[in-house]
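# Architecture and fold: a report
Each chain is listed here by its residues.
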Amino acid sequence: MRSYLVKVHCCGTRWIVHVPALDRWTLVTEKSSIKRIARQMISTLTGAEPGSFELDLLEGRALSTVDEFAADPGALRRWDSAPTTAPSR
């Protein structure tokens, strides 16, 4: 079974969830949602079923701001779990 490394950084009252293999990251507000959001991100980006891969969580460093993590906007891309939809006509 495939395994994805997920680096988790504390950022004030939020958590940065980073999947290096996909060069994507996102923010979560509740520690209890880290695994669920990581699975959702990986599943959405790869097309794999959420139960078809393992997560290898790694504690990262504490950060004071998101900008400290993503200072170079070209290096990492932020993933938004809320799909954008076009307005209906």
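Because the structure is predicted, anything quoted here is derived from the model rather than measured.

## Regarding the environment of Asp-80
Within the secondary structure, Asp-80 sits in the segment after strand 5 (77–78). Assessed through its relative accessible area of 52%, Asp-80 is described here as exposed. In this structure the C-alpha to C-alpha distance between Asp-80 and Met-41, which are 39 residues apart in sequence, comes to 8.5 Å.

## Quick word on the environment of Phe-53
Locating Phe-53 in the fold gives a position in strand 4 (residues 53–59). For Phe-53, a relative accessible area of 2% gives the class buried. Along the chain, Phe-53 and Arg-39 lie 14 residues apart, while their C-alpha atoms are 8.5 Å from each other. Among residues more than four places away in sequence, those in contact with Phe-53 are Met-1, Arg-2, Tyr-4, Arg-39, Ile-42, Ser-43 and Ala-48.

## A look at unusual backbone geometry
With phi around 50°, Asp-23 is a residue other than glycine that occupies positive phi space. Along the polypeptide, Asp-23 turns up in the loop between strand 2 (14–19) and strand 3 (24–28).

Rules of the game
- Residues numbered from 1 in each chain as written.
- Predicted model: local features only at pLDDT ≥ 70, side-chain atom pairs only at ≥ 80, totals over all residues.
- Heavy atoms only, no water.
- Helix = DSSP H or I, 4+ residues; strand = E, 2+ residues; numbered from the N terminus.
- Buried < 20%, exposed > 50% of the residue type's maximum accessible area, 1.4 Å probe, protein only.
- Contact = heavy atoms within 4.5 Å.

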